[in-house]
Each structure stands twice: as structure tokens, then as C-alpha cells.
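Close look at the chain arrangement
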Number of protein chains: 2
Amino acid sequence: MAYKKENDTSFTLGAFPTMELLRKKPEKVKKIYLHKDLTKSEDIEKIINLAQKYNIVCETNSHLIENISKKDNVYIVAEFEKYIDKIDKNNQIVLYNPSDMGNVGTIFRTALGFGFKNIIMIAPCVDYFNPKVIRASMGAVFSLNVVVYDSFEKYVADFPKIDKYLFMLDGNNILQELNVPSTTFALVFGNEASGLPADIKKYGTPVFIRHSNEIDSLNLAISASIAMFKFSK
Amino acid sequence: MAYKKENDTSFTLGAFPTMELLRKKPEKVKKIYLHKDLTKSEDIEKIINLAQKYNIVCETNSHLIENISKKDNVYIVAEFEKYIDKIDKNNQIVLYNPSDMGNVGTIFRTALGFGFKNIIMIAPCVDYFNPKVIRASMGAVFSLNVVVYDSFEKYVADFPKIDKYLFMLDGNNILQELNVPSTTFALVFGNEASGLPADIKKYGTPVFIRHSNEIDSLNLAISASIAMFKFSK
């Protein structure tokens, strides 16, 4: 019973993301599973109390936890129904074909920290309900609006007017010198290995985060976080 | 023959860090190992040519590569002698008890990108010659000066005058509002879970990267990279 992308449900691994899920989407939780070796702590007590409040069953099932989490030291897991989000009218983060689960989770965490709640992913991309992404996000995914589009063109068709800043190694605008816009905007980041395709330059403002030529590029999560820092007020 | 911290030699995994090693520290390379399934590419040709130039033996040894790299798809590896660096008079990055190899490697890569070449680590800390750190750094470690100190106090004794900026969740200076100093400075970051100890506040300026209270903290590599971005000119 390992997690699969096609499943209707997914899992939070460990106390921190489980607590975030219970706080933000309690109505989606189906069951909480406890490992037989779980030692009760203040956090665990809080989770069990919240589960009681929402009439969520807590069941001891070490086998399921070990199956879902593989080698990690995980002692509490929640199973929840996947759900569909909607983007609101605020600023957006667009991830074009992101392929690394750790990067996507880390970007979610930073996005929530800097007040960016709308995340658009262009497929093919990481499954953002994968337990590893949820864990890397420290549960931030439950506070964000995440939507997947089939193509960048379909995304542009839905949001034609928002100012799009395209982060590219050959961007002719330097982030360090850029004035942050007062209008609504989207920050767009490419795939870890291949970046953004050149032909989407026409949709926005290409931006380069200036760095020395001693490195090829910055890591994706690092680039996105620096850009969010700069663009957040 | 897996890598161990006590060994006198370590390994680069894959073409990219192997090329960086050959460019920056050719005199430290002992041997290059090729996997029997290696497909020759332009990068591999460059590595083999550089090895010939420096009289470094290239040997086919798939077993060793599989042992060192475990499950990763690695087809070329260089073995090199570990060496000791010295800190120069420029700005410093100080990592206090960092425990995650991916974070340390990512910080090295960003540091090189933003021109910070002096890295000080306070033990206990990640072994920065571990092949996983080297790989996460994309070989940046070979262009940096990395030095380990037993304690923060010993580091302060060696560099009493440099301005130290201490990144802490209860820092009373906000990074977003800070003026970047024109003097030489050190940016100091704590452990992933526990941060910096309160009692080192007396040695410098405590700084907080302002973020919403919807997250507990930013990831260590993200915090360090945002700070380097802000402090680099």
C-alpha cells in the first residue's frame, strides 16, 4: 500500500505536517495512523485532541506507516482525500516542469513564508501531493492554492494580463537592479536541468539573478526563494 | 570500499564535479575511474584529455564506482587526496553545526555564485569532503576555502574584529531593512533544527529574515542564500 500518484488519497509523514493538515484542511482527513513505538509528546497529544474534536479515527497500524514512509523514522501519519484548489487574484509563483520533490516542497515553504499563496505548476511536473513533497514543504502545501496546467499557453490564456517575470540565465534584466512592480505579478521558474524554453520570452520580462561565472546556475529552490525575497514587501 | 570520513582520500561522483576538481585541484587527483557502461560524450573527452595532460591514470573499475555511489547513475569518479585550506582576508560564511549534506553543498554552490570564498564550519558538522556534499555543491567546494573550528569561541579568537551578522529567529534587526556594511563581514547561520545558541549574540548583530508566522522558519540553505544575495554587491 505504498503511495501512488493515481490514488485518491495521500499521507502526511510525521507530526509537523500532520498538525498542519489538521489545522488547515481537517475536513479532508480520513484517518490517523499511529506506530506502536510512538512516544507521546505535547505535539502528539495536540494531534489526538484535534482528531477527537473532528471525529477522526486514530488507529495503531505500524505496518502501514512503515510501508508509506519506507526507511524514515515516522511514527504518526494522516491519510487525507486529495482536493482541488483555486487560484485567487493575488501574486503567483509559476513552476515550469519542476522535477525534484525536495525543491518543490522547499519552494512551497518559502512561498508561504513570503506571502505567495498561488502556485501554478506546468506539467509534466512533480506530484505535489506526494508525501515527500508535503514533508519537504513542512505542511505548507495545505495553506497554498496549487493548480496544475497542461501547458504554459493554457496558463497564459487564463491569466493574460498579469505581469510575468521569467527567470532565465540569458535574461536581460538583472534582478539586483529591478524595481519591484506595484501591480499583480507572476514569478516564473524553469526545470532544474533545462530552465525555461526560449520561446516563452514573448509572454513577459526575462530576468537573470546575477551571479559569478564560477557556477553554471543557482539551484532552483534557491533562485525561486531569492526572487520571492526580492519581490515581497 | 565505501567512503569514510577518516579516509585520506575522497571521490567526486559524475562528470560535473570531476571536471571542477581537475580544473581547480589537478595536483590532488590520484586516479580516475570509468564505469564499463560509460558512454563517451564531449565532457568525458575533456576529462580524459585533462587527465592525460596531468599524467593521471584512468582505469575502468565499475565495481568501485557502484560501491562509492550506491544507487546513483554514476559512470565516472575521481579519487583525490584531501587537503587543508586557509581563510583569506575577504568576507566569510560561518556555518554553526550544519547537519544536512544537501544543505551544505547547496550553500557552497550559492556562496561561490555570490563571491563568498571563505567558509568556516563549527564542529560538530557535516564532513565537507563527503562525496554527497561535493555533488550537491556541483564541485564548488574545490573553488572555496573551507576551514573547520572546534568551537565558535576559537573562531572568534582568530577573527575578533570582523563584523559578525548572526541569523536568528529572534534577531532584532530585519534583513529587509538592513544597510549592507562596507567593511569586511561574516554571515553566521545555525543548525537546521536548533539554530544559533542565544549566548553568541554578544559577538555580533542578530538578524532576522522577516517572514510570515505561517511558517516556523525558512530552510537553512534558503536563509543563507537570501542573506548572501542581500549582502553581495
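Residues numbered from 1 in each chain as written. Chains lettered and ligands numbered in written order. Predicted model: local features only at pLDDT ≥ 70, side-chain atom pairs only at ≥ 80, totals over all residues. Heavy atoms only, no water.

1. Overview of helix α7 (residues 220-231) of chain A
Heads up, the rule is: Per the convention used, a helix needs a DSSP run of H or I reaching at least four residues, while a strand needs a run of E reaching at least two, with both numbered from the N terminus. Working rule for helices: expected span equals 1.5 Å times residues minus one. Burial classes: relative accessible area under 20% of the type maximum marks a residue as buried, over 50% as exposed, and values in between as partly exposed (1.4 Å probe, protein chains only). Whether two residues are in contact is decided by their heavy atoms: any pair within 4.5 Å suffices. Any pair of nitrogen or oxygen atoms within 3.5 Å is treated as a polar contact; in protein, a donor-acceptor pairing is required on top of that, and neighbouring residues in sequence qualify only through side-chain atoms on both sides.
When the terminal C-alpha atoms of α7 of chain A are compared, their 16 Å separation across twelve residues agrees well with the 16 Å that a helix rising 1.5 Å per residue should span. The complete set of buried residues in α7 of chain A reads Leu220, Ala221, Ile222, Ser223, Ala224, Ser225, Ile226, Ala227, Met228, Phe229 and Phe231 of chain A. Buried residues along α7 of chain A sit in contact with β5 (92-96), α4 (101-113), β8 (163-167) and β10 (185-189) of chain A together with α4 (101-113) and α7 (220-231) of chain B. Between the side-chain oxygen of the N-cap and the backbone nitrogen of Ala221 of chain A there are 2.8 Å, and the N-cap of α7 of chain A in question is Asn219 of chain A.

2. Brief notes about the environment of Ala78 of chain A
Residues and elements named next belong to chain A. When you line up the elements, Ala78 lands in strand β4 (residues 76-81). Classification of Ala78 as buried rests on a relative accessible area of 0%. Expressed as a C-alpha distance, the spacing of Ala78 and Cys58, which sit 20 residues apart in the sequence, is 8.9 Å. With residues near it in sequence (within four places) discarded, Ala78 still touches Ser10, Phe11, Thr12, Thr18, Leu21, Val29, Lys31 and Ile32.

3. Structural notes on the relation of the copies chain A and chain B
Two copies of the chain are present, and they differ by a rotation about an axis and a shift along that axis. Counted only if it meets this: Copy-to-copy alignment: least squares on C-alpha atoms, limited to residues at pLDDT 70 or above in both.
Of the two same-sequence chains, chain A is brought onto chain B (RMSD 0.0 Å, axial shift 0.0 Å) by a rotation of 180 degrees. The superposition operator between the copies reduces to a two-fold rotation axis. In this assembly the copies share their binding face: 100% of the residues contributing to the interface of chain A also contribute to that of chain B.

4. Comments concerning the pairing of strand β2 (residues 29-34) of chain B
All names here are of chain B. Applied cut-off: Any two strands with at least two DSSP-identified bridges between them are counted as paired. A clockwise path from the first strand over the helix to the second, with the strands pointing away from the viewer, defines a right-handed crossover.
Across five bridges, the pairing between β2 and strand β4 (residues 76-81) is antiparallel. Note on β4: the bridge partner recorded for Tyr33 is Val77. Direction of pairing for β2 relative to strand β3 (residues 57-60): parallel, over a ladder of four bridges. Counted as the bridge partner of Lys31 is Val57 from β3. In this fold, the crossover linking β2 to β3 by way of helix α2 (residues 42-53) has right-handed handedness.

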